[in-house]
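Below, each chain spelled out in residue letters.
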Amino acid sequence: MDASPALSRAHRLAAWVGDWVNRPQPIVRLETLRILVPIAILGFMSSRIVHADHWLSDEGFTVPDLGGSDWRQPLYIPPVPGWAAWLVGVALVASGLFLAVGFRTRLAAGTFAALLFYVALADRLAAFTVSKIGPVLIFALVVSPCGVRYSIDAWLSRPRQGAPLPDLVAGGNVRFFQALLPVFYFSSGICKARGDWLDHPAVLWTHLHSSYQTPVSYFLASSLPSWCWTVLQGLTLAFEVFAPLWFAIASTRPFALGYGIVMHLMIGLMFGPVVWFSLLMISVLIACYAPERWLRSIIVAPLNLGSS
C-alpha cells in the first residue's frame, strides 16, 4: 500500500522526463550548433595545425611508448610520418569547414569527429578542454539530422523536394546539448568547491597573474579592489554548482544565459590562450538557450541557405 504513491510519483517523473526529452525542438538550434561549434574548434586547433609535422609526427617531441603496462599510458598511438601529419591537418580544416557550411554534412561531420578523437589521443600532453569535449560535441552532430536546413546540402536538394523543409527536430538531438552545459558547469563547480575556492578568497585574483595574463587582466587586476574578485569568485562558484537549477527554471534561465555569456567573454579577454574555449562555450550557450527568434534573425537569416 505504501509503495503505490511512490510508484505513482516515479511514473509521473518518468513521464515528465520522457516528454521533456522527446518534445520536438526548433531545428534552428541544431543548425546553429552545426555552424558555430566547428568554427570554434578549428580556431583552437589552428595553432597546432600550422605545425602539424611537429604536432603529430616524429619530427617533433613524442612521448615514448611505455609498453602498455603503465597506468599513466593506457593507450599509445605512435607518431605518423610528416606528410601524413600534414594530411591530417588539411583534412581537419576541410571537414570542419564543410560541416560548418553544411556541404556533404554527414560525411564531413563523421570525418571531423574521427580526426578530433585521433588528435586528442595522439597528443594527450597538449589536450585541452576543447580537445576533449570537441569530439563529443561533433559526434553528437554526426548522429543527428543536422544539415537538413540552412546548409548547402539543403539548398542543393531544394529543387528535388516536394515537401517543405522541417522546422522541428526530435527533441533528443537538442536536449543532449542543453543538458550537457549544466552538467559541465556543475562538475566544474564541484571541483572548485572541493579545491581552494571555498577556503581562499583570492583564488580568482591569483589566476589573473598567471602566464595566461593579457592586457585586460593586468588592467583589471590593477584597478579593481581585491574584494571585487572575491565577490566574482563566489558568484561564479554559485553559478556553476547550481547551474542545473538555473537552467531548469524558466524564470532564471535568461539570467543564467546572460551570466554564462559574460563569464566566458571575460575569461576569453583575461586569459589569452583560452579564447577559443570561451567562444565554443558561448556558441553552445547561444544555440541551446537563446530565444529562437534571435537565432533566426542573427545566425540564420544572413545565410539564406535552404530556408524554404
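Everything discussed here concerns the structure shown above.
Quick summary incoming for the structure in this document.

Scoring rules and cut-offs
Residues numbered from 1 in each chain as written. Predicted model: local features only at pLDDT ≥ 70, side-chain atom pairs only at ≥ 80, totals over all residues. Heavy atoms only, no water. Phe/Tyr/Trp six-rings, centres within 6.5 Å; stacked < 30°, edge-to-face > 60°. Buried < 20%, exposed > 50% of the residue type's maximum accessible area, 1.4 Å probe, protein only. Helix = DSSP H or I, 4+ residues; strand = E, 2+ residues; numbered from the N terminus. Patch = residues over 30% accessible without salt bridge, like charges linked within 9 Å, V, L, I, M, F, W, Y side chains within 5 Å. Areas by Shrake-Rupley, 256 points an atom, 1.4 Å probe, with all protein chains shown as cover. Salt bridge = Lys/Arg side-chain N within 4 Å of Asp/Glu carboxyl O. Core = buried A, V, L, I, M, F, W, Y, C linked by side-chain atoms within 4.5 Å. Contact = heavy atoms within 4.5 Å.

### Observations regarding the packing of aromatic side chains
This structure, assessed with the given rule, holds twelve aromatic pairs. An angle of 65° between the planes, with centres 6.2 Å apart, marks the rings of phenylalanine 239 and phenylalanine 247 as edge-to-face. Neither residue differs from the other here; phenylalanine 239 and phenylalanine 247 are each classed as buried. Each ring, one from phenylalanine 247 and one from tyrosine 289, has its centre 4.7 Å from the other, and the planes form 35°; the classification is tilted. Taken together, the residues span a long stretch of sequence, with phenylalanine 247 in helix α12 (residues 243-248) and tyrosine 289 in helix α14 (residues 275-289) at a distance of 42 residues. With a relative accessible area of 14%, tyrosine 289 lands in the buried category. Cluster of aromatic residues (ring-pair linked, three or more members): Phe44, Phe128, Phe184, Tyr185, Phe239, Phe247, Tyr259, Phe277 and Tyr289.

### Considerations on a nonpolar patch on the surface
A grouping of Val93, Leu97, Phe98 and Val101 is seen on the molecular surface, where their side chains present a nonpolar patch of about 300 Å² in accessible area. In this fold, leucine 97 is placed in helix α4 (residues 82-101). Judged by its relative accessible area of 43%, leucine 97 falls in the partly exposed class.

### Looking at the nonpolar core
Ranked by internal contacts, the top residues of the largest apolar core, which has 68 residues, are Ile41, Leu92, Ile138, Tyr185 and Leu280. Beyond its immediate stretch of four places on either side in the chain, leucine 92 contacts Leu42, Ile49, Trp55, Phe112, Leu115, Leu116 and Val119.

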